[in-house]
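Fold and contact review
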Amino acid sequence: FRVTIRPVTKSTVRYDGVLLHFQDITHLREAEEMRRDFVANVSHELRTPLTAILGFIETLRGPARNDAVAQERFLGIMEDEARRMNRMIQDLLSLSRVEGQERMRPQETVDLADVLSGVVASLKPGAEETGNQLQIDGEGGPLPVTGDADQLTQVFLNLTENALKYGGGGRPVILRASRTMGTGTMKGPVIRVDVIDRGDGIDPLHLPRLTERFYRVDTHRSRDMGGTGLGLAIVKHIVNRHRGRLRISSEPGQGSVFSVILPTS
Ligand code: ADP
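What counts and what doesn't
- Residues numbered from 1 in each chain as written.
- Predicted model: local features only at pLDDT ≥ 70, side-chain atom pairs only at ≥ 80, totals over all residues.
- Heavy atoms only, no water.
- Helix = DSSP H or I, 4+ residues; strand = E, 2+ residues; numbered from the N terminus.
- Rg over C-alpha atoms; globule rule 2.2 N^0.38 Å.
- Buried < 20%, exposed > 50% of the residue type's maximum accessible area, 1.4 Å probe, protein only.
- Contact = heavy atoms within 4.5 Å.
- Areas by Shrake-Rupley, 256 points an atom, 1.4 Å probe, with all protein chains shown as cover.
- Near = heavy atom within 4 Å.
- Polar contact = N/O pair within 3.5 Å; in protein donor to acceptor, adjacent residues only side chain to side chain.
- 1 Å grid on protein atoms, 1.4 Å probe; cavity = no way out; pocket = protein on both sides within 12 Å on 5 of 7 lines; lining within 4 Å.
- Sits in = over half its atoms within 2 Å of the grid points.
- Nonpolar A, V, L, I, M, F, W, Y, C, P; charged D, E, K, R; others polar.
- Salt bridge = Lys/Arg side-chain N within 4 Å of Asp/Glu carboxyl O.

Per the secondary structure count, the protein includes six helices and nine strands. Here the C-alpha atoms of the protein give a radius of gyration of 24 Å, more than 25% beyond the 18 Å that 2.2 N^0.38 yields for 265 residues. The C-alpha extent of the protein, read off along each of the three principal axes, is 85 × 60 × 35 Å. For the protein, the proportion of its 265 residues judged to be buried stands at 36%. Counting only contacts in the protein whose residues sit at least 6 apart along the sequence, the fraction spanning at least 24 positions is 67%. Total accessible area computed for the protein in this model is approximately 15,900 Å², and 53% of it derives from carbon and sulfur atoms.

What follows is the structure, encoded as structure tokens:
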């Protein structure tokens, strides 16, 4: 609590009493703490690749100066790290953009069927190159929602990339769309898209925190895969902006289903 005490006077010479003002500042404190944590996390996340790059520059100038094979390898690693920093900055910008827009409802009519086929078209060649399969399943026909096409594309790109990264391994990743009725806090007709993988799944312990910024189940694995730890935070904010829901269910050893439920237009 923040307590403010103010004298209450009727005339300039006499106190008539004091006004005690109690203000619950838990939310302000929490917001401040979150902001501080966020800045600390961003600094740490950006410093990790930067430290690696600086280390390799030193090696290239010193011990590896005359070793062409080592030079090529180190330059490759430096390039990967620089690209990861770049992706992280892009993701941070996307996140701050959607956060700023969260109260503004997007207005375009978007056909999710087009969005899903666009996502599959852009990821399929890369998936097949690494021995993964990607399929669209479910009802045909248009799947209209009111939204922002670029942001909805980003949602399904992030979820499908994750499904391929953490759950592919030769087992097909499926995007299944259906028209159904909302349940719980989502009333009325909705469109539901399940992004299904048959990977290692996620321990239920992690599920509540999965959409937090920089939260990863396995930091090394995420980094090795070029992840930024921001993908699901972006997904959650975009889905919120569309008044939708993100539901995650997963069974360790069996795979995961990330479901996006959006009101149909
Ligand atoms: P990252 O860039 O690390 O992939 P995300 O925010 O997209 O960040 O995901 C957060 C974490 O959630 C990942 O590091 C991974 O541990 C876990 N995760 C996300 N999708 C899946 C999935 N389909 N199967 C298993 N784990 C997943």
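Within helix α6 (residues 231-241), nine of the 11 residues are buried, which leaves the element mostly enclosed by the surrounding structure. By the burial criterion, the buried members of α6 are Gly231, Leu232, Ala233, Ile234, Val235, His237, Ile238, Val239 and Arg241. Contacts made by the buried residues of α6 are with α2 (68-101), α4 (149-167), β8 (245-251) and β9 (255-263). Phi turns positive one or two residues past the end of α6, at Arg243, with a value near 55°.

Around the ligand, a shell composed of 19 residues is seen, among which Asn162, Tyr166, Ser222, Thr228 and Gly229 lie nearest. Residue Leu232 places a main-chain N or O atom 2.9 Å away from an oxygen atom belonging to the ligand. Structurally, the ligand is housed in the largest pocket. For the shell around the ligand, the secondary-structure elements that each account for two or more residues are α4, α6 and β9. Examining the composition of the shell around the ligand, we find that four residues originate from one element, α4, more than from any other. Split by residue class, the shell around the ligand holds nine nonpolar, seven polar and three charged.

Glancing now at the side chain of Thr228. One can find Thr228 in the loop between α5 (219-224) and α6. Residue classification places Thr228 among the buried positions, given a relative accessible area of 6%. Here the side chain of Thr228 touches Asp91 through a polar contact of 2.7 Å, side chain to side chain. In contact with Thr228, not counting residues within four places along its chain, are Arg87, Met88, Asp91, Phe214 and Arg216.

What follows concerns the pattern of salt bridges. A side chain with one charge may pair with a side chain of the opposite charge, provided their charged atoms come close. In this structure the tally under the stated criterion is 11 salt bridges. A salt bridge links Arg223 to Glu45, with the shortest nitrogen-to-oxygen separation between them at 3.4 Å. Separated by 178 residues along the polypeptide, Arg223 in helix α5 and Glu45 in helix α1 (residues 26-61) bring together distant segments of the chain. By relative accessible area, Glu45 is classed as buried at 5%. A salt bridge links Glu99 to Arg213, with the nearest nitrogen and oxygen atoms 2.4 Å apart. Here Glu99 is found in helix α2, whereas its partner Arg213 is found in the loop between β7 (189-197) and α5, with 114 residues between them in sequence. For Glu99, a relative accessible area of 31% gives the class partly exposed.

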